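# Summary of structural features
Letter by letter, the chains look like this.
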Amino acid sequence: MNNSPSALPSFHWKDLMLPSFIGSSLPLAWLLFILLTKEDLFETWMFYPLTIIPLGGAVGGIFFYLMGFLWFPKGNQKLIAVIFSTLMYFVTLWISAVLAFAITGHWN
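Residues numbered from 1 in each chain as written. Predicted model: local features only at pLDDT ≥ 70, side-chain atom pairs only at ≥ 80, totals over all residues. Heavy atoms only, no water.

## A look at the overall build of the protein
Selection rule: Helix numbering and strand numbering both begin at the N terminus, where a helix is a DSSP run of H or I of at least 4 residues and a strand a DSSP run of E of at least 2. Burial here depends on accessible area, computed with a 1.4 Å probe over protein chains only, as a share of the maximum for the residue type. Under 20% is buried, over 50% is exposed, and the range in between is partly exposed. What makes two residues a contact is simply this: any of their non-hydrogen atoms within 4.5 Å. Using a 1.4 Å probe, accessible areas were evaluated by the Shrake-Rupley method; residue-level cover was limited to the displayed protein chains.
Check the secondary structure of the protein and you find three helices and zero strands. Along its sequence from the N terminus, the protein presents helices and strands in the succession α-α-α. Within the protein, buried positions represent 30% of all 108 residues. Taking the contacts inside the protein whose residues are at least 6 apart along the sequence as the reference set, 67% of them involve residues at least 24 apart. Carbon and sulfur atoms provide 73% of the accessible area of the protein, an area that totals close to 7,800 Å².

Encoded structure:
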């Protein structure tokens, strides 16, 4: 391992599984709650949002982990990285929701 101060810490792809799971489980649980409370309204077009929006959450969760815990692990930079990556998490959720509903034709 390189001990220079500018070297980024190494990680394994398996380290990204937990942030990806957490980032995707939050919107998936919210969408499933909405669908389960209104069972009679379920249609097949709803599978697109059920897959695309949690994928956006997974990408946002991975970005949050990389920014807050790997790339900027200490000090004021970590605070700024956590705030920025939280905003980016919600932006990725928004963009994935727009994409999912635009594909199905339910975005006006």
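From this point, the discussion proceeds with the structure in view.
## So, the nonpolar core
When a protein is soluble and globular, its nonpolar side chains tend to lie buried together. Threshold: Here, the term nonpolar core denotes a set of buried Ala, Val, Leu, Ile, Met, Phe, Trp, Tyr and Cys residues that are joined through side-chain atoms within 4.5 Å.
By size, the foremost hydrophobic cluster in this structure holds ten residues: Leu-31, Leu-35, Met-46, Leu-50, Ile-52, Ile-53, Tyr-89, Leu-93, Ala-97 and Ala-100. Counting residues per element, the ones that place at least two in this core are α1 (17-37), α2 (47-71) and α3 (75-104). With four residues, α3 is the largest single contributor of residues to this core. For Leu-35, the residues in contact, after removing those within four places along its chain, are Phe-42, Met-46 and Leu-50.

## Digging into α1
Because the α-helix completes a turn every 3.6 residues, residues three or four places apart line up on one side. Formally: By definition here, a helix of n residues has an expected span of 1.5 Å times n minus one.
End to end, α1 covers 29 Å across 21 residues, agreeing with the expected 30 Å (1.5 Å per residue, within 8%). Check the buried side of α1 and you find it contacts α2 and α3.

## Some remarks on the packing of aromatic side chains
To keep things clear, this is the line we draw: Two rings belonging to Phe, Tyr or Trp (six-membered ring only in the last case) form a pair when the distance between their centres is within 6.5 Å. Interplanar angles under 30 degrees mark stacking, angles over 60 mark edge-to-face geometry, and anything in between is tilted.
With the rule as written, the count across this model stands at five aromatic pairs. Consider the rings of Tyr-89 and Phe-90, whose centres lie 5.4 Å apart with planes at 75°: the pair is edge-to-face. The buried category is assigned to Tyr-89, whose relative accessible area is 12%.

## Some details on the packing of α2 against α3
Quick note on the threshold: Axis definition: a line fit to C-alpha positions, over the contact stretch in the case of helices; interaxial angles, taken between N-to-C directions, run 0 to 180 degrees. Note that the term roughly parallel is reserved for angles under 35 degrees, roughly antiparallel for angles over 145, roughly perpendicular for angles of 65 to 115, and oblique for everything else. Whether a crossing is left-handed or right-handed is set by the direction in which the near helix is turned from the far one by less than a right angle, anticlockwise for left-handed and clockwise for right-handed. Ten residue types, Ala, Val, Leu, Ile, Met, Phe, Trp, Tyr, Cys and Pro, are classed as nonpolar, four, Asp, Glu, Lys and Arg, as charged, and the remainder, Gly among them, as polar.
Two elements in contact, α2 and α3, have axes separated by 8 Å at closest approach and are oriented at 165°. The angle between the axes of α2 and α3 places the two elements in the roughly antiparallel class. Seen along the crossing, α2 lies across α3 with a hand that is right-handed. Residue composition of the contact of α2 with α3, by class: 19 nonpolar, ten polar and one charged.

## Things to note about the packing of α1 against α2
Running from N to C, α1 and α2 point in directions that differ by 150°, and their axes come no closer than 6 Å. The orientation of α1 relative to α2 falls into the category roughly antiparallel. In this structure, α1 crosses over α2, and the sense of that crossing is right-handed. Residue-level contacts link Pro-19, Ser-20, Gly-23, Ser-24, Pro-27, Leu-28, Leu-31, Leu-32 and Leu-35 of α1 to Pro-49, Leu-50, Ile-53, Pro-54, Gly-57, Ala-58, Gly-61, Ile-62 and Tyr-65 of α2. Here the residues of the contact of α1 with α2 are counted per class, giving 13 nonpolar, five polar and no charged.

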